[in-house]
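Working through the structure, step by step
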Amino acid sequence: MKIAIEELAGCSGCTIAVLDLHEMLLDVVAEAEIVYSPVIMDVKEPPEGIDIAFVTGAVRNEENHERLEMIRKRSKTLVALGTCACYGGVSGLSMLNSSEDLFSCVYREVETAKPDGVIPTDVPPFLYRAFAVGDLVKVDYYVTGCPPKEAFLKKIIPAMIAGDTLELSHKSVCSECDRIMGQVDNWTLKRRHEGVPDREHCLLGQGYLCLGSVTFGRCAASCPKNNIPCHGCNGPSLDILREPCRDIYGMMVRRISDLTDKPQKEVEKELYDVAHTMYAFTIGSLIMEDKENSKIRDLVKERSR
Amino acid sequence: MEIHVDKDACVGCGLCVKDCPMHVYELQDNVSVAVRPNNCMGCLSCHEICPAQALEHRGIYAARRHYIDINVCEMLRKVV
Amino acid sequence: MSAGYIDELHEAFHSDLVYRSEEIPLECSPKPKEMEQTLHGVMKLNGLVIRSLEEIAGRGANAVTYRAGKKFGHEVAKYFQKREDVEGALHELSDLLRGQYSFEVWKPEDKETFIIEENGETFIYLVFHDCIVRQTLRRNGLDQGGPLCQTLFGYVVGAIEEITGRKAKLEIVHTGPNACLKKLVLK
């Protein structure tokens, strides 16, 4: 069996997550040979006849698009590994500014920019927007996570290589979190640095913006268990993905409003920087953008000209 | 009509207690319990509002949901 | 536009099918993707129209859609046998509407009969399972219980009036993602 791990517009964290299998990696390479992985191997081109190709990172420039088409043709099963490949992820945040603004900031305005201020033209050009892998080619499986957690990959990767099926929970982060709601009084939105959260009670009930209720699980709720509100790095929960009228921002407002008995308009006034707090991992996915109530389309227009 | 609440998943937020028009649920010991399951008419508003998807219904009719795009249906089936 | 672009469009709309007026080629089992385009296109169009109607006419939108439904209900019910009992009429109506709106008569567990008397009102609970209006509203991200639901009300009320001769009113008790609860109030 031949497997490959392709890297598109990503941080290579998902490839390192595969290495995080630690000793189990030896069992994996005994069954399957890694024939192409730019981050960890020197092979330059993916060979023909790949059985499972893991694609990480979003599609942002023309080179990413070409590599994606190439690896789709040369592999039997394509797995979108990581939130950038499934939903656009952090790479999708680049859609909040126009390409001119991005390049001028990176090549002219930062302190470490070269003094000549030249924007390179001998590199693959940007596409007009970011794409999730599933929007351009047919994907066989989606494995979300930023990066996918070790405990989860330890179950999935051996099962994929052996061709087994798994029964895993499809619920949200709240189902894996061990906090209870408790009383919710005088709710106001708190920034993460304000106050110290109480370990027992729900972070959302305490006023922190925890996206656990709208985020897909499988991470054993590691952030809430360590007193950090969830940021939604696993992508949206399946009920939000499915319904065209349900959206991350809308469901958060609704749940907060139902929990605190405040009208939805008042809750909306307290929320800030929706692009980075709510949609940090899902800008760039056509499915999330196409939802009727999605604010992504307005945010992308607002920030880029 | 059978309603099953997953006790490990339930966070005791009480949103299902507030939302249900037939008052089927009650909060007992920080977990939601279906005390009047036969009053349930299968609207599934509780499923939509539950943050942890802790609810399971048996014996209801599944209304058609033909308004969901084919590509979304396909993606849902492929999320591992 | 360059000539090449126009040629491409012309190519797309050219076919070699033979069209005889007595034998127009029909697509009776379209592919799911094509069916989806038509279905979703219709849903989107309806949703957009009803949203604009509500923005312009405000509360009047309800009156427009109610009347539309009522006319249709009267027309359809003319095919039915006239009867006195409302429950029988509802049974016939439910058979006819199956597929578009399926509903059933329901009662909470603490009541004994389906016809309930409370606060001086006589009513029957109806639970609507499949509902084309709910599907349209959810496709468009609109809230349930608005003017489009009134078409359904008009339909049921018009049909009941035609079949039994009794005046009735339909009220929403609760809207949900899988079923909606309505009250048929009899006068």
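Data block above holds the structure.
Residues numbered from 1 in each chain as written. Chains lettered and ligands numbered in written order. Predicted model: local features only at pLDDT ≥ 70, side-chain atom pairs only at ≥ 80, totals over all residues. Heavy atoms only, no water.

Remarks on the nonpolar core
Nonpolar side chains tend to gather and get buried jointly when the protein is soluble and globular. Counting 98 residues, the largest nonpolar core has Val 133, Met 278 and Tyr 279 of chain A together with Tyr 25 of chain B as the members making the most contacts within it. It is helix H10 (residues 248-260) of chain A that contributes the most residues to this core, seven residues altogether. Val 133, Cys 149, Phe 153 and Leu 186 of chain C belong to the second-largest nonpolar core, a separate cluster that totals 32 residues. (Core = buried A, V, L, I, M, F, W, Y, C linked by side-chain atoms within 4.5 Å. Buried < 20%, exposed > 50% of the residue type's maximum accessible area, 1.4 Å probe, protein only. Helix = DSSP H or I, 4+ residues; strand = E, 2+ residues; numbered from the N terminus.)

Observations regarding the environment of Gly 49 of chain A
Residue and element names in this part refer to chain A. Relative to the elements of secondary structure, Gly 49 occurs in the loop between strand E2 (33-36) and strand E3 (50-56). Residue Gly 49 is classed as partly exposed on the basis of its relative accessible area, which comes to 45%. C-alpha of Gly 49 to C-alpha of Met 1: the two residues are 48 residues apart in sequence and 9.3 Å apart in space. Setting aside chain neighbours within four positions, we find Gly 49 in contact with Lys 2 and Arg 74. (Contact = heavy atoms within 4.5 Å.)

Points about the layout of surface pockets
Space inside the largest pocket adds up to approximately 850 Å³. Taken together, 26 residues form the lining of the largest pocket, with Arg 246, Arg 254, Gln 264 and Asn 293 of chain A together with Asp 143 of chain C sitting closest to its centre. When residues of the lining of the largest pocket are traced back to their parent elements, those giving at least two are H10 and helix H11 (264-270) of chain A together with helix H2 (45-49) of chain B. Top element by residues in the lining of the largest pocket is H10 of chain A. It accounts for five residues. Its residues assigned to classes, the lining of the largest pocket comprises six nonpolar, nine polar and 11 charged. The space that makes up the second largest pocket amounts to roughly 580 Å³. Asp 239 and Arg 242 of chain A together with His 47, Gln 53 and Leu 55 of chain B are, among the 25 residues lining the second largest pocket, the residues nearest its centre. Taken together, the elements giving at least two residues each to the lining of the second largest pocket come down to helix H9 (238-242) of chain A together with H2 and strand E4 (55-58) of chain B. Sorting elements by how many residues they give to the lining of the second largest pocket places H9 of chain A first, with four residues. (1 Å grid on protein atoms, 1.4 Å probe; cavity = no way out; pocket = protein on both sides within 12 Å on 5 of 7 lines; lining within 4 Å. Points joined across faces, edges and corners; volume = space filled by probe spheres on them. Nonpolar A, V, L, I, M, F, W, Y, C, P; charged D, E, K, R; others polar.)

Section: the side chain of Gln 53 of chain B
Checked against the element boundaries, Gln 53 of chain B lands in the loop between H2 and E4. A polar atom in the side chain of Gln 53 of chain B sits 2.9 Å from the backbone nitrogen of Ser 172 of chain A. (Polar contact = N/O pair within 3.5 Å; in protein donor to acceptor, adjacent residues only side chain to side chain.)

A short note on empty space enclosed by the protein
Residue and element names in this part refer to chain A. Here the structure, examined in full by the defined rule, presents five cavities of 30 Å³ or more. Its boundaries defined by the atoms lining it, the largest cavity holds a volume of some 200 Å³. The set of elements that each furnish at least two residues to the lining of the largest cavity consists of helix H7 (173-176) and H10. Partitioned by chemical class, the residues of the lining of the largest cavity number 14 nonpolar, two polar and two charged. Across the lining of the second largest cavity, the residue classes tally to 12 nonpolar, three polar and no charged.

What to know about the interface of chain C and chain A
Listed per partner, the contact involves five residues of chain C and six residues of chain A. Between chain C and chain A, roughly 490 Å² of surface is buried when both sides are summed, and carbon and sulfur atoms account for 39% of that area. Summed over the three residues of chain C that lose the most area to chain A, namely Arg 138, Arg 139 and Gly 141 of chain C, the buried surface amounts to 81% of that side. The interface formed by chain C and chain A contains three salt bridges. Here Arg 139 of chain C ties to Glu 292 of chain A by a salt bridge, and the two come within 3.6 Å at their closest N and O atoms. Remark: the boundary between chain C and chain A carries two residue pairs in polar contact (both at pLDDT 80 or more). Looking at the side of chain C that touches chain A element by element, the count peaks at three residues for helix H5 (residues 132-140) of chain C. Grouping the constituent residues of the side of chain C that touches chain A by class yields no nonpolar, two polar and three charged. (Buried area = accessible area lost by both parts, 1.4 Å probe. Salt bridge = Lys/Arg side-chain N within 4 Å of Asp/Glu carboxyl O.)

Details of the interface of chain A and chain B
Taken together, the 37 residues of chain A in the interface contact 27 residues of chain B. Of the roughly 2,900 Å² buried at the junction of chain A and chain B (both faces included), carbon and sulfur atoms supply 57%. At the boundary of chain A and chain B, one finds five salt bridges. Glu 243 of chain A is the partner of Arg 65 of chain B in a salt bridge, and the nearest nitrogen-oxygen pair spans 2.7 Å. When residues of the side of chain A that touches chain B are assigned to their parent elements, the largest contribution, five residues, is made by H10 of chain A.

Quick notes on the packing of aromatic side chains
Across all of its chains, the model carries six aromatic pairs over all chains by this definition. Through a chain of ring-to-ring contacts, the aromatic side chains of Trp 106, Phe 123 and Tyr 125 of chain C assemble into a single cluster. Over the face of the ring belonging to Phe 131 of chain A we find Arg 129 of chain A, whose NZ or CZ atom lies 5.1 Å from the ring centre. Residue placement shows Lys 182 of chain C over the ring face of Phe 128 of chain C; its charged tip is 5.2 Å from the ring centre. (Phe/Tyr/Trp six-rings, centres within 6.5 Å; stacked < 30°, edge-to-face > 60°. Lys NZ or Arg CZ within 6 Å of the ring centre and 35° of its normal.)

A short note on a negative patch on the surface
On the surface, Glu 62, Glu 63, Glu 66 and Glu 69 of chain A cluster together to form a negatively charged patch. For Glu 66 of chain A, a relative accessible area of 54% translates into the label exposed. (Patch = residues over 30% accessible without salt bridge, like charges linked within 9 Å, V, L, I, M, F, W, Y side chains within 5 Å. Areas by Shrake-Rupley, 256 points an atom, 1.4 Å probe, with all protein chains shown as cover. Lys, Arg positive; Asp, Glu negative; His and termini not counted. Charge placed at Lys NZ, Arg CZ, Asp CG, Glu CD.)

Details of the packing of helix H3 (residues 60-77) of chain C against helix H6 (residues 147-164) of chain C
All names here are of chain C. Their axes nearest at 6 Å, the elements H3 and H6 cross at an angle of 35°. Viewed along their axes, H3 and H6 form a crossing whose handedness is right-handed. Each of Ala 61, Asn 62, Thr 65, Tyr 66, Gly 69, Lys 70, Phe 72, Gly 73, His 74, Val 76 and Ala 77 in H3 lies in contact with H6, whose residues at this interface are Pro 147, Gln 150, Thr 151, Phe 153, Gly 154, Tyr 155, Val 157, Gly 158, Ala 159, Glu 161, Glu 162 and Ile 163. A class-by-class count of the residues in the contact of H3 with H6 yields 11 nonpolar, nine polar and three charged. (Axes fitted to C-alpha atoms, helices over the stretch in contact; angles between N-to-C directions. Left-handed = near helix turned anticlockwise from the far one by under 90°.)

Describing the packing of helix H2 (residues 32-57) of chain C against H3 of chain C
All names here are of chain C. The N-to-C vectors of H2 and H3 enclose an angle of 130°; their axes lie 7 Å apart at closest approach. By the angle between their directions, the pair H2 and H3 is classed as oblique. Together, Ile 50, Leu 53, Glu 54 and Ala 57 of H2 and Gly 60, Ala 61, Val 64 and Thr 65 of H3 make up the contact between the two elements. Grouping the amino acids of the contact of H2 with H3 by side-chain chemistry returns five nonpolar, two polar and one charged. (Parallel < 35°, antiparallel > 145°, perpendicular 65-115°, else oblique.)

Details of unusual backbone geometry
Of note, the bond from Cys 146 of chain A into Pro 147 of chain A is cis; its omega dihedral lies within 30 degrees of zero at -5°. Looking at where Pro 147 of chain A falls in the secondary structure, it is placed in the loop between strand E7 (141-143) and helix H6 (150-162). Phi is positive for Asp 29 of chain B, which is not a glycine, with a value near 65°. Taking relative accessible area as the criterion, Asp 29 of chain B reaches 77% and is therefore assigned exposed.

Bear in mind that shape data such as this cannot, by itself, settle questions of function.
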